[in-house]
Amino acid sequence: MQTHLILGTMGHIDHGKTSLIAALNGFWGDGTPSEKERGITLDLSFSNLTQRDKNIAFIDAPGHEKLVKNMIAGAFGIDYALLVIAANEGVMPQTLEHLRIAYLLGIRDFIVVLSKCDLVKNTTLKKREAEIAMLFSNFQGLKYRLLNASIYDKTSIETLKSTLFSLPKLKRENLGFFRYYIDRSFSIKGLGCVVSGTLMDGDLSTQDKIWCCNLECNLNIKDIQSHNKNTKIAYNGVRVAINLQGISHHQLKRGYLLTKKGYLRGFDRIEVELESFSDVQHNSETMLYLGALRTTCRVLFLDSNKKFATLKTKIPLFSIFNERFILRDDTQTLGGGKVLSPIIDPMKKSQKLEYLKFLSNGDFKGAFSILLQAHKKGVGLIGTMQRFRIPQSKALAIAKEIPHCFVCEKALIAYPKHTRALVKEMIAKILAKNPNALLSATLLHQKQNFIAEEFAFDVLNELLAQKMLRKLESFFVSPKNSLQDTKSVEDYLYTTLYNALHHQGYAPLAPYNLYDSLDIDRKSGDAIFKRLTNEKKILRLSHKLFVCTEHLTKLLELMRTIIKKEGYLDLNNLKSHLNLSRKYLIAYLDYLNHFEDIENDNGKRRFK
């Protein structure tokens, strides 16, 4: 399998980034007429260089200060930064700006090229080397290799090539699903809509269904191209062009996120850890760069040290834990950092700060404990990949370590101690209203869907052990329940449901509403309804309408009498005799259509 690296070229305007790439692979990135006319890269350009089983993709970003937004879009998802500094000029404002951006985006490995070395003496080169060492000393954890080069010196270009091909592939985390920010959207004659971007996480196959988070729609793949070659599957960490069906390139914008449906939720705010280069004011509006997305945001600090903040936006953000971002104003990079909480939870400010501190330190057990305090009805573990960037299996293991936490592996929900108290309170209310209620895990889930059946069963068994409930067949009942073991539960349910339906006459409740009012679980209720129907004691008129046969017989006599007296039967005159809602009247009129001596004349039922 071929190894792929992505290098982002950075540096001040006219320091020779595009010329250097052209010397390496023959590709001139200044492709548009305006770029050729002005002699500068205006937007991102993409090319590659291959040697045996290794492919290096170059993202050439513009160096002009007014085009930093384009540079940032290209810097997301790269493995290494190729920082180009002209030997005749040295470190310039955009050199520092690009280095800051790369640092904030978590890029730690740099190849620094002193270009245009043929224009200066050795003493100047030594001076530049010292300047670069001083520059990098201001950024903790950065590593760099320094090379001298000139596009007119083939040896220096070959040395650079050799260095680039010796770079190891950096290990990328595989989330188990793909994420892909669009950095370009365009149309190709005969093909239609094409988007390009870096496959940030996961792999992408032509068989996959793509979900566009921003448009909330599915997209179909016609073809995938990776590094100028058509492929059935593109792997994590490569540049990918996707030919899409059924959508215009005008609808897909830079910064839109493509992924699998159901994996990411969008919020109009995220909570972050911030590192600032300038004094960012509370409640100030700045420009947020997240992936290839660029949008305005309001910065709301959560602590006096301005380390933790909420970034509030006007559009939903589909971010993920530990994702990097940049904040800028019109002229400079203000700071940036990493997303700590991409999913916004209802918390007190003190809880939120504690939660963010745990996340900042990678203490997911501590973070889980705070979530359990904040969520009285349990915490879903389905979104742990977005929330913590960990698989569900790891989230389950962490939740199990928390004292008094009940973990439902099937439903993927963790319940704190106080949720158990809520369920017990609900059981007490059911029994107070209906001492003969037949409790089951299914019934409790039916009444409150936040209660997983596994959890409900555990609570019921606890009450059974405490002798606050007793067992009757498969049900849990109050010790005061009047139903004796000698009478079967089925007979009790049969009598109870039939009597309830009979009492409701011509306006019976829908089955599920009836079950709920009588505290009967749906599975048991459906079994009784099936038995009553088979015995012809009740008749099904529609999906949700079952009527006692005795009542229906009387109603049929009434409807035939109305036709005889008034010559027809429709909604209006039936309503004058039966003060029922429209859904019942229509069902009863439709029932008449089954009789051979009745015809439907534009809504009026008459005898033939």
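All values derive from a computational prediction rather than experimental measurement.

Concerning the overall build of the chain
Here is step 1: The helix and strand inventory of the chain stands at 19 helices and 31 strands.
Here is step 2: Seen through its principal axes, the chain has C-alpha atoms that stretch 110 × 65 × 45 Å.
Here is step 3: Relative to its 608 residues, the chain shows a buried fraction of 52%.
Here is step 4: Where the 86 positive side-chain charges of the chain centre and where its 62 negative ones centre are 1 Å apart.

Section: the packing of helix α14 (residues 489-504) against helix α16 (residues 522-534)
Here is step 1: The contact between α14 and α16 brings their axes to 10 Å, and the two run at 70°. When the interaxial angle is binned, α14 and α16 end up roughly perpendicular. In contact with Glu490, Asp491, Leu493, Tyr494, Leu497, Tyr498 and Leu501 of α14, α16 contributes Ser524, Gly525, Ile528, Phe529, Arg531 and Leu532.
Here is step 2: Its residues assigned to classes, the contact of α14 with α16 comprises eight nonpolar, two polar and three charged.

A look at the environment of Leu558
Here is step 1: Positionally, Leu558 belongs in helix α17 (residues 549-566).
Here is step 2: Given a relative accessible area of 28%, Leu558 falls into the partly exposed group.

Quick look at the pairing of strand β21 (residues 324-328)
Here is step 1: Along β21, four of the five residues are buried, which leaves the element largely enclosed by surrounding structure.
Here is step 2: Summarising the sheet, strand β18 (residues 284-290) and β21 pair through four bridges and their orientation is antiparallel. Of the residues in β21, the one forming a bridge with Met287 is Arg328.
Here is step 3: Examined bridge by bridge, β21 and strand β22 (residues 333-341) share five bridges and lie antiparallel to one another. By the bridge assignment, Arg328 is partnered in β22 with Thr333.
Here is step 4: Hairpin connection, β21 to β22: the antiparallel pair is bridged by four residues.

What to know about the confidence of the model for the chain
Here is step 1: On average, residues of the chain score 88 in pLDDT, and 93% of them reach the 70 mark or higher.
Here is step 2: For the stretch residues 30-43, pLDDT sits under 50, and the model shows 28 contacts to residues farther than four places along the chain or on other chains.
Here is step 3: Across residues 63-67, where pLDDT falls below 50, the model places 14 contacts with residues more than four positions away in sequence or in other chains.

Remarks on the side chain of Thr419
Here is step 1: Its place among the elements puts Thr419 in helix α11 (residues 417-433).
Here is step 2: What Thr419 contacts, discounting residues up to four positions off in sequence, is Lys376, Lys377, Gly378, Phe450 and Phe455.

Overview of helix α13 (residues 453-465)
Here is step 1: Helix length check: α13, at 13 residues, gives a terminal C-alpha distance of 18 Å against a target of 18 Å (1.5 Å per residue), a fit within 8%.
Here is step 2: Every buried residue of α13 is accounted for by Phe455, Ala456, Val459, Leu460 and Leu463. What you see down the axis of α13 is that its buried residues fit within an arc of 135°, all on one side.
Here is step 3: Taken from the residues just after α13, Lys467 is the one with a positive phi, measuring 60°.

Re the packing of aromatic side chains
Here is step 1: Tallying each qualifying case throughout the model produces 15 aromatic pairs.
Here is step 2: Where Tyr415 meets Phe455, the ring centres are 4.0 Å apart and the plane angle is 10°; that geometry is what we call stacked. Of this pair, Tyr415 sits in strand β25 (residues 413-415) while Phe455 is found in helix α13, placing the two residues 40 residues apart along the sequence.
Here is step 3: A residue is classified by how much of its surface remains accessible, and Tyr415, at 0% relative accessible area, is buried.
Here is step 4: You can call Phe455 buried: its relative accessible area is 0%.
Here is step 5: Taken together, the aromatic side chains of Phe321, Phe364, Phe368 and Phe388 make up a single cluster linked through ring pairs.
Here is step 6: The lysine or arginine in question, Lys471, covers the ring of Phe476, its NZ or CZ lying 4.9 Å from the ring centre.
Here is step 7: When the ring centre of Tyr498 is taken as origin, the NZ or CZ atom of Lys537, which lies over that ring, is 4.3 Å away.

Quick word on α17
Since one α-helical turn is 3.6 residues long, residues separated by three or four positions face the same way.
Here is step 1: A rise of 1.5 Å per residue sets the reference length of α17, with its 18 residues, at 26 Å; its end C-alpha atoms lie 26 Å apart and thus fit the reference within 8%.
Here is step 2: If you check which residues of α17 are buried, you get His551, Leu552, Leu555, Leu556, Met559, Ile562 and Ile563. End-on view of α17: buried residues confined to an arc of 140°, all on one side of the axis. More than 90 degrees from the buried face of α17, the exposed residues found are Glu557, Lys564 and Lys565.
Here is step 3: A positive backbone phi angle near 85° is found at Gly567, which sits one or two residues after α17.

Quick notes on the rules
Residues numbered from 1 in each chain as written. Predicted model: local features only at pLDDT ≥ 70, side-chain atom pairs only at ≥ 80, totals over all residues. Heavy atoms only, no water. Helix = DSSP H or I, 4+ residues; strand = E, 2+ residues; numbered from the N terminus. Buried < 20%, exposed > 50% of the residue type's maximum accessible area, 1.4 Å probe, protein only. Lys, Arg positive; Asp, Glu negative; His and termini not counted. Charge placed at Lys NZ, Arg CZ, Asp CG, Glu CD. Axes fitted to C-alpha atoms, helices over the stretch in contact; angles between N-to-C directions. Parallel < 35°, antiparallel > 145°, perpendicular 65-115°, else oblique. Contact = heavy atoms within 4.5 Å. Nonpolar A, V, L, I, M, F, W, Y, C, P; charged D, E, K, R; others polar. Pairing = 2+ DSSP bridges. pLDDT = per-residue confidence, 0-100. Expected span 1.5 Å × (residues − 1). Arc of directions from axis to C-beta. Phe/Tyr/Trp six-rings, centres within 6.5 Å; stacked < 30°, edge-to-face > 60°. Lys NZ or Arg CZ within 6 Å of the ring centre and 35° of its normal.

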